[in-house]
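# Secondary and tertiary structure notes
Spelled out, the chains give:
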Amino acid sequence: MPDVFADLVGQDEAVTELRRAAAAAAAVLRAGAVDRAPALIAAGDADALDGDTPAGGVDPAAGMTHAWIFTGPPGSGRSVAARAFAAALQCVHGTGCGECPGCRTTMGGTHADVRLVVPEGLSIGVNEMRALVLRAASTPSGGRWQVVIIEDADRLTEAAGNALLKAIEEPPPRTVFLLCAPSTHPDDISVTIRSRCRVVPLRQPPATAVAEVLVRRDGVAPDVAQWAAAAAQGHVGRARRLARDPEARKRREAVLAVPRRLTGVGAAFDAASALIEAAEAEAAASVTEADAAERAALETALGAGGTGRGASGAIRGAAGQLKELEKRQKSRATRAQRDALDRALVDLAGFYRDALTMALRAPVAPVHTDTAALAGAGAQKWDAEGALRRLEAVLACRAAIESNVKPRIAVEAMMLALWKG
Ligand SMILES: [Zn+2]
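We now turn to the structure provided with this report. (Residues numbered from 1 in each chain as written. Predicted model: local features only at pLDDT ≥ 70, side-chain atom pairs only at ≥ 80, totals over all residues. Heavy atoms only, no water.)

### Re the overall build of the protein
Operational definition: Secondary structure elements follow DSSP: runs of H or I of four or more residues count as helices, runs of E of two or more count as strands, with numbering from the N terminus. Exposed residues in this analysis have more than 50% of their type's maximum accessible area, buried residues have under 20%, and partly exposed residues fall in between, with area computed by a 1.4 Å probe over protein chains only. Residue contacts are counted whenever heavy atoms from the two residues lie within 4.5 Å of one another.
Each helix and strand counted, the protein has 15 helices and five strands in total. Scored against the burial criterion, the 421 residues of the protein give a buried share of 45%. Across the protein, every contact between residues at least 6 apart in sequence was considered, and the portion connecting residues at least 24 apart equals 73%.

Structure follows, in structure tokens:
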């Protein structure tokens, strides 16, 4: 029976470290040490203890610490790792067996002592963080640990980061914080938070490992799994979508048709519009349903349509709450659009990367096997230099959007650069 770490694809070193930490955490609980003294590694000492902990004769807490950062490229499994580790901490055997109630409820997202923060807007606000920190300080109802998982910790606002820092600096004895971020660069995570956490770096999983998990876990046919794993460039979730969702495949094909559509200035602008609109449509499809459900739930909770004494005051309050909801939903939609556009740009970058490696005759497999012939033709026409310039144009577009250049402006500039070369 696969345990909770089974879906962490191609991350053997990280899994070894997390297993050891979970075992140490279980030993701490068994020894009853946790409530007597701050037995977990004191803040800031975590780094000194990275690496092997000799068995026996050491403080059982040595393998464990109360604040962790999981880093790695998108799709490498940061949040999968955090959730698996949370399950192992709640596991009644202390191993992450995958079968006990602690493991099962954590993996199912219903464990009372595991809180997951998924920012839906562009950033995590200070109020949300304060409330979370407060709840995290309570005694775990299951008798083990209070675990707080913060996905996209790089999207914390500065004030929220400070609220979190305070909690990490003076952690309640039974609370464990698991942060996920692309890297430990100061742009992603503040230096002070980073200095209080142990870092678990995840790598981009190899395509063979991704294909293997698609076959084993999702029942995808081996040849489809191999194609999807390569096309997704190490992004496990994306590989699964490509393997199973025909719409996702269609969108990818449309993106990869861009290079041959760039025949002139007008075509470049058309291609930019098409790319932006496709991202908008994809984002709308992903959030519309959630938006409507949330609004209906809020209206029900507010008892829409009430009359009588006090109703007008209630309506004023309700209008405020609806407005707040709309604001949140708008910010979520913006983020979904950016994510969709970014996925498209990563696909496009893969195409020019293929052209570049072919021009250099590098002995590596193409990212997009289905457009390899087209990339080969590009390699002949542009040479390595031209392919590299185009690849750089795509990467520059991603960077520009990341630094808040309007997506349409950035994409138009990119398309012109791709056309001109
Ligand atoms: Zn278990």
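Here the narrative resumes, following the displayed structure.
### Examining the coordination of the zinc ion
What counts, and what does not: Only nitrogen, oxygen and sulfur atoms qualify as donors, provided they sit within 2.8 Å of the metal or within 3.2 Å for Na, K and Ca; with water excluded from the atoms, sites may seem incomplete.
Protein coordination at the zinc ion comes from C91 (SG), C97 (SG), C100 (SG) and C103 (SG), with a distance range of 2.3 to 2.4 Å. If you list the donors of the zinc ion from N- to C-terminus, the spacing comes out as C-x5-C-x2-C-x2-C. Accessibility expressed as a relative area gives 0% for C91, which makes it buried.

### Details of the side chain of H111
Where we set the bar: Definition of a polar contact: a pair of N or O atoms within 3.5 Å, with one able to donate and the other able to accept a hydrogen when the atoms are protein atoms, and with sequence-neighbouring residues admitted only if both atoms are side-chain atoms.
Position of H111 relative to the elements: it lies in the loop between α3 (101–107) and β2 (114–117). In this structure the side chain of H111 is engaged in a polar contact, spanning 2.9 Å, whose partner is the backbone nitrogen of D113. Every residue in contact with H111, bar those within four places of it in the chain, is listed here: Q90, G102, T105 and T106.

### Looking at the sheet that holds strand β4 (residues 175–181)
We count it as follows: By definition, two strands form a pair when at least two bridges between them are found by DSSP. Inter-axis angles, ranging from 0 to 180 degrees, are taken between N-to-C directions of lines fitted to C-alpha atoms, where helices are fitted over the stretch in contact.
Strand order in the open sheet made by the five strands is β2-β3-β4-β1-β5, with parallel pairing throughout. The open sheet is flanked by β2 and β5 (198–201), the only strands paired with a single partner. Across the sheet, the mean angle separating the axes of adjacent strands is 15° when strand polarity is ignored. Sheet strands in contact with helix α1 (residues 12–31) are β1 (67–71) and β5, and its direction is about 140° off that of β5.

### What to know about the pairing of strand β3 (residues 146–150)
β3 sits mainly inside the fold: five of its five residues count as buried. Judged from the four bridges that link them, β2 and β3 form a sheet pairing that is parallel. Paired with R115 across the strands is V148, a residue of β3. Of the strand pairs in this sheet, β3 and β4 are connected by five bridges, and their pairing is parallel. For V148, the partnering residue across the bridge sits in β4 and is F177.

### Looking at the environment of A209
One can find A209 in helix α7 (residues 207–218). Along the primary structure A209 and Q226 are separated by 17 residues, whereas in three dimensions their C-alpha atoms are 9.5 Å apart. Dropping the residues within four chain positions of it, A209 is found in contact with V9 and G10.

### Observations concerning the nonpolar core
As a reminder, the rule being used: Throughout, nonpolar core names a set of buried Ala, Val, Leu, Ile, Met, Phe, Trp, Tyr and Cys residues whose side chains join them through atoms within 4.5 Å.
Formed by 36 residues in total, the largest nonpolar core has its most connected members in M64, W68, F70, F85 and L178. Counting residues per element, this core draws most heavily on α1, at nine residues. Those residues in contact with W68 that lie beyond four places of it in its chain are E17, L18, A21, G63, F85, V176, F177, L178, L179, C197, R198 and V200. L345, L348, L356 and W382 belong to the second largest nonpolar core, which has 34 residues in total.

### Quick word on the packing of α1 against helix α2 (residues 78–90)
Between two packed helices, both the angle of their axes relative to each other and the distance between the axes serve to describe the pair. Going by this rule: Angle categories: roughly parallel below 35 degrees, roughly antiparallel above 145, roughly perpendicular from 65 to 115, and oblique for all the rest. Here is the rule for handedness: rotate from the far helix to the near one, and if that takes an anticlockwise turn smaller than a right angle the crossing is left-handed, while a clockwise turn gives right-handed.
Where α1 meets α2, the closest approach of the two axes is 9 Å, and the angle between their N-to-C directions is 30°. Between α1 and α2, the angle falls in the class roughly parallel. As α1 runs across α2, the sense of the crossing is right-handed. Counted together, L18, A21, A22 and A25 of α1 and A81, F85, A88 and L89 of α2 form the full contact between these two elements.

### Some thoughts on the pattern of salt bridges
Let me state the cut-off plainly: Should a side-chain nitrogen of Lys or Arg be within 4 Å of a carboxyl oxygen of Asp or Glu, the pair is scored as a salt bridge.
As enumerated under the stated definition, the model contains 19 salt bridges in all. The closest approach of N and O atoms between R198 and E17, which form a salt bridge, is 3.6 Å. Remark: E17 occurs in helix α1 and R198 occurs in strand β5; sequence separation between them is 181 residues. Here the two residues R198 and E17 agree in accessibility, since each one is buried. Ionic pairing is found between D152 and R155, a salt bridge with its closest N-O pair at 3.7 Å. Using a relative accessible area of 21% as the deciding quantity, one classes R155 as partly exposed. Among the charged side chains, a salt-bridge network with shared partners connects D7, R217, D218, R240 and R244.

### Digging into a nonpolar patch on the surface
For clarity, the cut-off: Patch members must show over 30% relative accessible area and no salt bridge, and they are joined within 9 Å when carrying like charges or within 5 Å when they are nonpolar side chains of Val, Leu, Ile, Met, Phe, Trp or Tyr. Here, Shrake-Rupley sampling with a 1.4 Å probe gives the accessible areas, and only protein chains in the shown set may cover a residue.
Taken together, V265, F269 and W419 make up a surface patch of nonpolar side chains, about 240 Å² in accessible area. Locating F269 in the fold gives a position in helix α12 (residues 265–302).

### Observations regarding the packing of helix α9 (residues 236–244) against helix α10 (residues 246–256)
Under the convention used in this document: Gly is placed with the polar residues, together with every amino acid not listed as nonpolar (Ala, Val, Leu, Ile, Met, Phe, Trp, Tyr, Cys and Pro) or charged (Asp, Glu, Lys and Arg).
At a minimum axis separation of 5 Å, α9 and α10 run at an interaxial angle of 100°. Classed by the angle they form, the pair α9 and α10 counts as roughly perpendicular. Seen from α9, the contacting residues are R238, R241, L242, A243 and R244; seen from α10, they are P246, A248, R249 and R252. In terms of residue class, the contact of α9 with α10 is made up of four nonpolar, no polar and five charged.

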